Structures are given as C-alpha cells and as structure tokens.
2 protein chains.
Amino acid sequence: MKIAWVGTGVMGASMARHLLDAGHDLVVTTRTKHKAAALLDAGARWAATAADAAADADLAATMVGSPDDVRDVVVGPSGVLQTLRPGTLLIDFTTSDPSLAVEIAQRAEDAGVESLDAPVSGGDVGARAATLSIMVGGTTTAYERALPIFGLLGVTVVHQGGPGAGQHTKLVNQILIAATMVGMCEALVYAREAGLDARTVLRSVGGGAAASWSLEHLAPRVLDGDFAPGFSVEHFVKDLGLALDHAHRLGLDLPGLSTAAGLYTALRDHGGGRDGTQALVVEVARRCGLRWP
Amino acid sequence: MKIAWVGTGVMGASMARHLLDAGHDLVVTTRTKHKAAALLDAGARWAATAADAAADADLAATMVGSPDDVRDVVVGPSGVLQTLRPGTLLIDFTTSDPSLAVEIAQRAEDAGVESLDAPVSGGDVGARAATLSIMVGGTTTAYERALPIFGLLGVTVVHQGGPGAGQHTKLVNQILIAATMVGMCEALVYAREAGLDARTVLRSVGGGAAASWSLEHLAPRVLDGDFAPGFSVEHFVKDLGLALDHAHRLGLDLPGLSTAAGLYTALRDHGGGRDGTQALVVEVARRCGLRWP
C-alpha cells in the first residue's frame, strides 16, 4: 500500500518503520528532515509537504505534536486533505482534540476520504515493540479497513465509537495517569519526610490495593532521581489541558484533574517541561519548601 | 501461646480465627459480644474487658476502629497495659495514629512490655485468606518475636522502622489509593459524559500506563453501581484525616491528598459513609450536578 506518513518524532519514526518493514511503500515528511534520516535510509521516500506526500497515497497517517500541528498537516493549505484522492483513508495517531477529530472527519467525508482518530498509549517502548494500545474513533467501515495497519503497530486495538471517541478515550487514560502520579509523588514525599525508607515502603504497598503501573515502573525512577522522559511533562501538560477543556465543555468540575493539571503546569513553568512525568515529585517537594532528591 | 484478642469486627474476627485454628489459646473481648460468637463457639474464651483478657496473656493483640478506640483498649483504665505482665508482647493491628503508636511504645516499655504497630492492608478478603500485607513499626527484637504470629495472618510482612513506622507506611498506602480512586471516578464520569461506553474504554486503558488495582477491581463495580463495601468510606475518611494531620505536622502541603480527603468527607456527609470507597463516583457526579449510576 502507498502510505504517506507525516511526523517522524520518537513515536512516529518507530511506527512508520514497522509499516516500511512490512513492505509498504512509504513517503514521509516531517518538520525537521534529519529526524526522517533513518527511514529514508531504509527505503522511504521524502516529500516536502504533507500534501505532496499524500498526492498518490492510499493511506495518509499523521503523528505530530499538538492539535495545531494536526490542523496544519491535515486541513492546512499544505495538508493531506488537499491532495488525498476520494476512496482513500486518513488516520491521525496524534493525541489531539476530540472536537478537531470531529471536524476532520467531516472535512474528510466531504472529500470522499474515510478518516479515523487513533491516539495511542504505550510510549516510545510500545512504539518500538509494536505493542501500543490504539484507541480508535470513526466509522466501523474505516476501522475495519485500518485493522491490518493497526495490527502492525499495536496489540490492543479497540474501536471506541464515532469520530472523536478515540481522542476522548485517550483523555480518559491521561486523567487516570495524572491522578495516580499525583498520589505517587505525594506518597513518596510523605514517606521520606516521615522518616521511612521509601524502597522498604514499596515492598509493603506495591502489591496490594495501592498497586499501579506508575508505582511499579516510575516510583523506582523517582527514588533514583532519574527524570529521563518516557513521556515528557510538556506533552502531558498539553494532554491535561485538552482534558480540562473538554471536561468544562461537558459541564464537569473534576477537582483531581484540576489539581494534577495545576501541578504539572507549575512543573513545566519551573523548567521541567523536558523531563519525564515522574519529575512531578520535584514540584510536589517544591510546594513543601523541599528539594528532591 | 496465650493470646488476648481485642476487637472482633470483620477484620479482627477473621484474623483471630487464624490464631485459634493454629492452636493458640485465645481470650477475646469486643464492644458488641455477639460479634465474637463464632470465635467463642470455636473455642475462644470471653473476657469482659481488654484488661481482663490480657491478665494472663503472653501476647495482646488489638484490632479496633479508631485511634480513640486504641487508646481506650491499650492505655485506658480497662486497657491491656493495666494487666500485661513484663516480658509480654503487644501488637496493635488497627490503622491508627503514628504518634499514638510512639506513645504506646513508650508506655509499654515503661511496663516492661514489647510493642509493635502493625496495620494491615488487604481488606476483609485478605483477612479471611491470611494474605494481608502487614506494615510493622517497632524494635527489631519485637518484630522478630512476632513473626510466627504475623505468618499466620499475612504474606507480605515488612519491618518498616521504629515505633509508628508501620502506621506511617499504612498512611502512605492510603494516600496512594485515595488519589487513584479520585482519578478513576473522574475518568469514568468523563467517559460517560463524553458519550463513550466505559466498559469498552476499560479495554483500551486497563492494561497500560493507566493500570491500577483500583481500576481492575473497583471500576467494574462502579459501572455496575455496586457500592457494597470492601472498605468503607467512613473508615477511609478516618485514615485520610490521619494522613492529612501528619502531613501538616511534617510541614507538607499535599493538594492531591487534600482534594481526595475533601471529596470523601463530602461523600460521608452526604450519607455515603457505609458504602465502599468506590462510591466516590457518586460524589464526583454530584459535584457536576449529575447522578450515578
């Protein structure tokens, strides 16, 4: 299949590589060309713009940074919808705005193109290993048509509903993670200040009702002062902003989400944007007049 | 061993039963005698007060409702420290105040009695199955002496430090759970209001970075509107109050904990005290002007 792939950041490059390895014919474009170098070396062709990439594609896939980027590469003057032929398929893998996904679905339909919003979770590790969870919004027809592609990228592929439902599901995922991270970081600061040995505490609390993926995988990094990003604070701030925005539009007052978004925003504003989400412990400690580690 | 057991509520009755079944000689007392009926039928003897129960005991164990209850049955005028002989052992399994644990350890030492604070997690199921996590504070000597008893009750038995360290560890456990529950309930309300099918959403988010014990075990109950208590809101409010109190004493400002404690307190004040902690979804919905289920 001829595939136009837009966006070759850490996630996008790994995902595109799986499609290339499966024998698909890839045309790639991304903001900074050198980030596509490995794909070009492996046989992908380069296009100057998203519209150029999509000109003779059967499928256009986008994995970019923000809703503004999605708007740019999909419906902008050099976006894929300028050139995608009727009968083709468009998949946006970016974690983006559910309302934008609905708008894109409508514009795609007007152009005779089927479209899906399909944000993922699983991070850079999941992208490399093709073990992503893919949350899909759009028509059943488009979903079934995309399944062979999704199967090359992830292991948990679930159709969540019509346009935007994939994005809403991803925001649910982020609401869950945010609260768990707040609890984890507050708990670890409390443990240290109460004079406990946090690693010993984890032996008691890690296997029962307090257990979580975050506690298992990120608490050890917090205790090591290892803030290397699996997922960066600045991206999480973007996602939590989307979640808060849509919660407000739905008339929802979610104090846990507000608290988490406030803490992560403060962490970014204090210079932690490029750190991993586990660096929240620094902000929790800072509010208490403490340093971490 | 002659064991005085004080407190035969849901947790205490199951725990005491394991000691009885292991061949220990039990004398029990509790506020409401009929709650000890099964233990008495199984061979335990009854005592009118904690002091009476402890009069010829080698070990006194307490599992009561609150720090005030602990104070009453341990250091009160009819408490176990009135009668426990020098050289005996005292274990408080109640989730209680770390400062009270320190005070009790001092008073016990004055009486020549070794003491441990040993709150548990694992709930009624863990108590019945003897799979509790036991978080122990006190001297190493006392800890090692109590290990054969702990081994009859739990599978994860960890010495966390000196007097009060068990209680602090349990509060860390509750801080973790509280935040996770807030995130879970907010996420499920968001999912419903965004038009998603929450069970389908759980297929996407349940296995990755958003995974938690709460999401796996309690989200299905939330979706069923099943608020039967594994652990009750009123007990959780007590625990979160202890955690907040000690956070303040340690000079810590923990906004996630404050948010969770506020929500759970409001839920109790709205009549949900006897429900399980998963009923928090009702309070989250109520704040948004919604009903759940």
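Residues numbered from 1 in each chain as written. Chains lettered and ligands numbered in written order. Predicted model: local features only at pLDDT ≥ 70, side-chain atom pairs only at ≥ 80, totals over all residues. Heavy atoms only, no water.

Some words on the overall build of chain A
Along its length, chain A carries 14 helices and nine strands. Over its C-alpha trace chain A gives a radius of gyration of 20 Å, about what one expects of a compact globule, namely 19 Å for 293 residues. Taking the principal axes of its C-alpha atoms as reference, chain A extends roughly 65 × 45 × 35 Å. A burial count over chain A gives 59% of its 293 residues as buried. The contacts of chain A with a sequence gap of at least 6 include a subset with a gap of at least 24, amounting to 66%. Of the roughly 10800 Å² of accessible surface on chain A, 51% is carried by carbon and sulfur atoms. (Helix = DSSP H or I, 4+ residues; strand = E, 2+ residues; numbered from the N terminus. Rg over C-alpha atoms; globule rule 2.2 N^0.38 Å. Buried < 20%, exposed > 50% of the residue type's maximum accessible area, 1.4 Å probe, protein only. Contact = heavy atoms within 4.5 Å. Areas by Shrake-Rupley, 256 points an atom, 1.4 Å probe, with all protein chains shown as cover.)

Regarding the domain arrangement of chain A
Residues and elements named next belong to chain A. Assigned domains of chain A: these are domain 1 (2-161) and domain 2 (168-287). Taking only C-alpha atoms, the centre of domain 1 and the centre of domain 2 are 29 Å apart. Buried surface at the junction of domain 1 and domain 2, both sides included, amounts to about 1000 Å², of which 58% is carbon and sulfur. A per-residue breakdown of the area domain 1 buries against domain 2 is headed by Thr-95, Pro-98 and Met-135, which together make up 43% of the total. Taken together, the connections running from domain 1 to domain 2 amount to one salt bridge. Arg-249 is paired through a salt bridge with Asp-97; the nearest N and O atoms lie 3.6 Å apart. On the surface where domain 1 and domain 2 come into contact, there are six residue pairs in polar contact (both at pLDDT 80 or more). Across the side of domain 1 that touches domain 2, the residue classes break down as five nonpolar, seven polar and two charged. (Domains from an automatic or database assignment. Buried area = accessible area lost by both parts, 1.4 Å probe. Salt bridge = Lys/Arg side-chain N within 4 Å of Asp/Glu carboxyl O. Polar contact = N/O pair within 3.5 Å; in protein donor to acceptor, adjacent residues only side chain to side chain. Nonpolar A, V, L, I, M, F, W, Y, C, P; charged D, E, K, R; others polar.)

So, the environment of Gly-206 of chain A
All names here are of chain A. In this structure, Gly-206 sits in the loop between helix 9 (198-205) and helix 10 (213-217). Separated by 163 residues in the primary sequence, Gly-206 and Gly-43 place their C-alpha atoms 46 Å from one another. Leave out the neighbours within four places in its chain, and Gly-206 touches Ala-211 and Leu-215.

Topic: the interface of chain A and chain B
Often, the extent of an interface is quoted as the loss of accessible area upon association of its parts. Contacts between chain A and chain B engage 60 residues on the former and 60 residues on the latter. Carbon and sulfur atoms supply 67% of the area that chain A and chain B bury against each other, a total of about 4800 Å² over both sides. Three residues, Leu-176, Tyr-190 and Ser-204 of chain A, lead the burial of chain A against chain B; their summed loss comes to 15% of the area buried on that side. Between the two partners, chain A and chain B, sit two salt bridges. A salt bridge links Asp-253 of chain A to Arg-287 of chain B, with the shortest nitrogen-to-oxygen separation between them at 2.6 Å. Counting residues per element, the ones that place at least two in the side of chain A that touches chain B are strand 8 (132-138), strand 9 (154-161), helix 8 (165-193), helix 9, helix 10, helix 12 (233-249), helix 13 (255-272) and helix 14 (280-287) of chain A. Sort the elements by how many residues they give to the side of chain A that touches chain B and helix 8 of chain A lands first, with 20 residues. For the side of chain A that touches chain B, the residue count by class is 36 nonpolar, 18 polar and six charged.

With respect to the relation of the copies chain A and chain B
Least-squares fitting of chain A to chain B yields an RMSD of 0.0 Å, with the transformation described by 0.0 Å of translation along the axis and a rotation of 180°. The transformation relating the two chain copies, once decomposed into turn and shift, fits a two-fold axis. Scanning chain A for the C-alpha nearest the rotation axis identifies Ser-212 of chain A, at a separation of 1.9 Å. Counting the interface residues of chain A, we find that 100% of their copies in chain B are interface residues as well, pointing to one common contact surface. (Least-squares fit on C-alpha atoms with pLDDT ≥ 70 in both.)

Examining the confidence of the model for chain A
For chain A, the mean per-residue pLDDT works out to 97, and 100% of the residues sit at or above 70. If you check the scores for this complex, the pTM reads 0.97 and the ipTM reads 0.97. (pLDDT = per-residue confidence, 0-100.)

Some remarks on the pattern of salt bridges
Per the counting criterion, the structure on display carries 34 salt bridges over all chains. The partner of Arg-268 of chain A in a salt bridge is Asp-269 of chain A, with the nearest N and O atoms 3.1 Å apart. By relative accessible area, Arg-268 of chain A is classed as partly exposed at 36%. Look at Asp-269 of chain A and you get exposed, because its relative accessible area is 53%. For Arg-145 of chain B, the salt bridge goes to Glu-114 of chain B, with nearest N and O atoms at 2.8 Å. Residue Arg-145 of chain B is located in helix 7 (residues 140-150), and its partner Glu-114 of chain B is located in strand 6 (residues 114-117); the two are separated by 31 residues in the primary sequence. The network of salt bridges with shared partners includes Arg-71, Glu-103 and Arg-107 of chain A.

Notes on unusual backbone geometry
Residues and elements named next belong to chain A. Looking along the chain, the bond that leaves Trp-292 and enters Pro-293 is cis, with omega of 0°. Relative to the elements of secondary structure, Pro-293 occurs in the segment after helix 14. The backbone of Ala-130 shows a phi angle near 60°, a positive value even though the residue is not glycine. With respect to the secondary-structure elements, Ala-130 resides in the loop between helix 6 (123-129) and strand 8.

A look at helix 4 (residues 67-75) of chain B
Here helix 4 of chain B has its buried residues at Pro-67, Asp-69, Val-70, Val-73, Val-74 and Val-75 of chain B. In the core, the buried residues of helix 4 of chain B are packed alongside strand 1 (2-6), helix 3 (50-54), strand 4 (59-62), strand 5 (89-92), helix 5 (98-110) and helix 12 (233-249) of chain B.

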